[in-house]
Amino acid sequence: MCGIVGYVGPQQAQNVVIEGLRRLEYRGYDSAGIAIVSDQAIQTRKKAGKLANLEAELVDSPISPSHTGIGHTRWATHGAPNDVNAHPHVSEDGTIAVIHNGIIENFAMLRDKLIAEGVTLRSQTDTEVVAHLLSKQMKSTPGLADALREVCQVLTGAFTLVVVHADTPDVVVAARRNSPLVVGRGDGENFLASDVAAFIAHTRNAIELGQDQIVEITPNSIEVTDFYGKPAEFTEYEVTWDAAAAEKGGFDLFMLKEIAEQPKAVADTLLGRIDKSGKVTLADLGLDDAFLKTIDKIIITACGTAYHSGLIAKYAIEHWTRIPCEVELASEFRYRDPILTPTTLVVAISQSGETMDTLMAMRYAREQGAKVLAICNSNGSTIPRESDAVIYTHAGPEIAVASTKAFLTQIVACYLFAMYLAQTRGTGYGKDAATVALELSDMPSMIDLVLDTTEGVKAIAKELIDKQSVLFLGRSVGFPVALEGALKLKELAYMHAEGFAAGELKHGPIALIEDGIPVFVVVPPQDDELHDKIVSNIQEVRARGALTIVLAEEGDESINEFSDHIIRLPKCPALMQPLVATVPLQIFSCEMATVKGYDVDQPRNLAKSVTVE
Ligand code: AGP
């Protein structure tokens, strides 16, 4: 989740680097820094806190004009978020500057060796160790790129390293293992970044670096090799979304913009995948029909909100395909000795495609012989690149740390896959396949309708601003919606919140019910077999003093007398309801955080993509 920028070219490096770091702020960070090469010397400035602190430092203590520079926003892993631990880190002789994204797992051993050799380390970071290793290596391997290749061979863990040397202006060298790195090819200038947002104002020609690769850029050249110096193939692609798409588009918050984009995000994810007859097509899926017919178990693995989309998908997958489906937290999955066979399909769901827990889970699954399907929103990111197959969600860039449109499109992508599977294997959907597919096609307009509840939901947030705890109840696919509603409130408004399966209330959680405690309840459609049961649950909590906020479909009057607030949902089939019921819960948490005066787009302690385990 650190932000990385590198630049060589005719522009002032400081301007390009700082602007690039600003476009990466959404990734979440706690310090920032820059290094430039000028007059055979490295100059660095770095500050804890937001980018503005670094910019103020650059005013108080300017650096020289330069055409070669690197910059970093850090999300602390090793060492406190302070000035000393901020990147870049430099060698003892000050001739080498390094920035890093990831975790070097063997850094303690390497650090101890350096200390034993008399090196003085100034910070607590793993990154500084690399600066000293490079300095030592260059005594025997004079070329910067060659020295970095040698050093990378002794490192273990996840790292994107970007390096400059005082004696080689117009050269930036980088290495990539596990953490993302993209090259931007300009006209007489070249860029490096942790994601394309940092340089698409300058160029849309991007090169995604692969695993264990080194890249050396100058203003007019890009050379890619492996860690042993062997030239490596690379594919260039054009970045299709423009800088404006990543801006707020008139909203105060990226999150509000992305909530409003959900109808389009879902429509774009459905585009070209369901024909008028209700037939599902998944071009370039990457799994042939013969294999799809052999699958006898599906395991979905993901983190956070993506995990919740998997919990919802499970109901549809089992209902439509009759294939057993498990849903596992990625951080737990590979440590529980799971049973995987060549006919197990593991589905890795990830918005960023860089979540380390999910990446390591899918790698484990593949090592055990299972095939992996990625459901991902970030084209060319690590998880889909390393999977056997991929279904991209087309939500567009999701900048706010709290995931919204990605969540809905993950559910849609999972539903499309489940329908495609059922279609290919000839299992029914419980009712006419075309009907289900067309119901899904209607959902963008349903989501549009539920966006109209925004003002009412915002008023509820203001009413509940002083509450200490909020509960969320649901049944069937409404249960993961309750979990997602609780997660949103935790991560945005820093409030205690908990989601429960409503049927579990009587097994303990009902003891939490006291006078005035807010309880959100997601009520399934009136024709659903669970409807009356959850209405009873509402009565149970209301009778004990709960303040009930009930999400129920238009026309469902059965809940009126037990509801302190009603949020109306457009009528839709039970399995489709998460696509509309989630939206008011997103708006509620966004508004609660706003009225509390918190940083909604970049909540404390969180990062948009957690690229460490
Ligand atoms: C969701 O609002 C959170 N930001 C977080 O739980 C997120 O969903 C999780 O870290 C997984 O991220 P990914 O989808 O990029 O893998």
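Going by the structure above, here's the rest.
First, a word on what this report is: a plain description of the structure on this page. Just so it is clear, the model here is predicted, and its values are computed rather than measured.

### Side note on the site of the ligand
Thought 1: The local shell around the ligand holds 13 residues, among which Ser350, Gln351, Ser352, Thr355 and Glu491 are the closest.
Thought 2: Contact distances for the ligand include 2.7 Å between an oxygen atom and a side-chain N or O atom of Ser350.
Thought 3: In the environment of the ligand, an oxygen atom lies 2.7 Å from a nitrogen or oxygen atom belonging to the backbone of Gln351.
Thought 4: The protein chains hide 90% of the 420 Å² of surface that the ligand would expose on its own.
Thought 5: If you map the ligand onto the pockets, it falls in the second largest pocket.
Thought 6: Listing elements by their share of the shell around the ligand, those giving two or more residues are helix 9 (304-321) and helix 17 (478-493).

### Some points on the sheet that holds strand 3 (residues 41-48)
Strand pairing in a sheet relies on backbone hydrogen bonds, with the paired strands running either antiparallel or parallel.
Thought 1: The strand order 3-2-4-1-10-9-11-14 describes an open sheet built from eight strands, whose pairing is antiparallel. Whereas interior strands pair on both sides, the edge strands pair on one side only; in this sheet they are strand 3 and strand 14 (236-238). If you compare each strand with its neighbour and ignore which way they point, the axes differ by 20° on average.
Thought 2: Examined bridge by bridge, strand 2 (residues 31-38) and strand 3 share eight bridges and lie antiparallel to one another.

### Focus on the pattern of salt bridges
Thought 1: A full pass over the atoms with the stated rule returns 25 salt bridges.
Thought 2: Across the pair Lys297 and Glu326 runs a salt bridge whose closest N-O atoms are separated by 3.6 Å. Taken as a pair, Lys297 in strand 15 (residues 297-302) and Glu326 in strand 16 (residues 325-329) lie far apart in primary sequence, 29 residues in all.
Thought 3: Given the relative accessible area of 29%, Glu326 is considered partly exposed.

### Considering the packing of helix 16 (residues 454-463) against helix 19 (residues 578-595)
Thought 1: For the pair helix 16 and helix 19, the least separation of the axes is 8 Å and the interaxial angle reads 45°. The orientation of helix 16 relative to helix 19 falls into the category oblique. When the axes of helix 16 and helix 19 are compared, the crossing they make is right-handed. On helix 19, the residues touching Thr454, Val457, Lys458, Ile460, Ala461 and Lys462 of helix 16 are Pro584, Ile587, Phe588, Glu591, Met592 and Val595.
Thought 2: Considering only residue class, the contact of helix 16 with helix 19 consists of eight nonpolar, one polar and three charged.

### Overview of the pairing of strand 7 (residues 157-165)
Thought 1: Judged by how many residues are buried, strand 7 sits mostly within the fold: nine of nine residues are covered.
Thought 2: Going residue by residue along strand 7, you find Gly157, Phe159, Leu161, Val163 and His165 tucked away on one face and Ala158, Thr160, Val162 and Val164 tucked away on the opposite face as well.
Thought 3: Relative to strand 8 (residues 172-177), strand 7 runs antiparallel, the two sharing five bridges. Its bridge partner lying in strand 8, Leu161 is registered against Ala175.

### Here we look at unusual backbone geometry
Thought 1: Residue Pro88 follows His87 across a cis peptide bond; omega there is 5°.
Thought 2: As for its placement among the helices and strands, Pro88 is situated in the loop between strand 4 (68-74) and strand 5 (89-90).
Thought 3: Phi is positive for Asn605, close to 65°, though the residue is something other than glycine.
Thought 4: Judged by relative accessible area, Asn605 falls into the exposed class, the value being 65%.

### Some points on helix 19
Owing to its 3.6 residues per turn, the α-helix aligns residues three or four sequence positions apart on the same side.
Thought 1: Here helix 19 is 18 residues long and its end C-alpha atoms lie 26 Å apart, about the 26 Å a rise of 1.5 Å per residue gives.
Thought 2: Backbone geometry just downstream of helix 19 places Gly597 in the positive-phi region, at approximately 80°.

### What to know about the pairing of strand 21 (residues 496-501)
Thought 1: Two strands pair when backbone bridges link them, and strand 20 (residues 469-474) and strand 21 are joined in this way by six bridges, in the parallel orientation. Bridging across to strand 21, Gly474 finds its partner in Ala501.
Thought 2: Note on the crossover from strand 20 through helix 17 to strand 21: the handedness is right-handed.

### Remarks on empty space enclosed by the protein
Remark: the empty space left among the atoms is shown by a probe the size of a water molecule rolled over them.
Thought 1: Under the counting rule described, the total for this entry stands at two cavities of 30 Å³ or more.
Thought 2: Every residue lining the second largest cavity is listed: Ile300, Ile317, Val347, Ile375, Cys414 and Phe417.
Thought 3: Here the residues of the lining of the second largest cavity sort into six nonpolar, no polar and no charged.

### A look at helix 17
Thought 1: The end-to-end C-alpha distance of helix 17 is 22 Å, a good match for the 22 Å that 16 residues give at a rise of 1.5 Å each.
Thought 2: Here helix 17 lies mainly inside the structure; 13 of its 16 residues are buried.
Thought 3: Looking one or two residues beyond helix 17, the residue adopting positive phi is Tyr494, at roughly 55°.

### As for the layout of surface pockets
Thought 1: Each pocket or cavity is described by its volume, and for the second largest pocket that value is around 620 Å³.
Thought 2: Along its surface, the second largest pocket is lined by 28 residues, and Cys303, Gly304, Thr305, Lys608 and Val610 are the ones closest to its centre.
Thought 3: Of the residues contributing to the lining of the second largest pocket, the split by class is eleven nonpolar, twelve polar and five charged.

### Here we look at the environment of Arg273
Thought 1: Within the element layout of this structure, Arg273 appears in the loop between helix 7 (262-270) and helix 8 (289-292).
Thought 2: Residue Arg273 is classed as buried on the basis of its relative accessible area, which comes to 12%.
Thought 3: Here the alpha-carbon distance between Arg273 and Thr548, two residues 275 residues apart in the chain, equals 39 Å.
Thought 4: Setting aside its immediate chain neighbours within four residues, Arg273 contacts Lys279, Val280, Thr281, Leu282, Ile391, Tyr392, His394 and Leu416.
Thought 5: A distance of 3.0 Å separates a polar atom in the side chain of Arg273 from the backbone oxygen of Tyr392.

Conventions we followed
- Residues numbered from 1 in each chain as written.
- Predicted model: local features only at pLDDT ≥ 70, side-chain atom pairs only at ≥ 80, totals over all residues.
- Heavy atoms only, no water.
- Near = heavy atom within 4 Å.
- Polar contact = N/O pair within 3.5 Å; in protein donor to acceptor, adjacent residues only side chain to side chain.
- Areas by Shrake-Rupley, 256 points an atom, 1.4 Å probe, with all protein chains shown as cover.
- 1 Å grid on protein atoms, 1.4 Å probe; cavity = no way out; pocket = protein on both sides within 12 Å on 5 of 7 lines; lining within 4 Å.
- Sits in = over half its atoms within 2 Å of the grid points.
- Helix = DSSP H or I, 4+ residues; strand = E, 2+ residues; numbered from the N terminus.
- Pairing = 2+ DSSP bridges.
- Axes fitted to C-alpha atoms, helices over the stretch in contact; angles between N-to-C directions.
- Salt bridge = Lys/Arg side-chain N within 4 Å of Asp/Glu carboxyl O.
- Buried < 20%, exposed > 50% of the residue type's maximum accessible area, 1.4 Å probe, protein only.
- Parallel < 35°, antiparallel > 145°, perpendicular 65-115°, else oblique.
- Left-handed = near helix turned anticlockwise from the far one by under 90°.
- Contact = heavy atoms within 4.5 Å.
- Nonpolar A, V, L, I, M, F, W, Y, C, P; charged D, E, K, R; others polar.
- Expected span 1.5 Å × (residues − 1).
- Right-handed = clockwise from strand over helix to strand, strands pointing away.
- Points joined across faces, edges and corners; volume = space filled by probe spheres on them.

These figures come from the coordinates and say nothing about function on their own.
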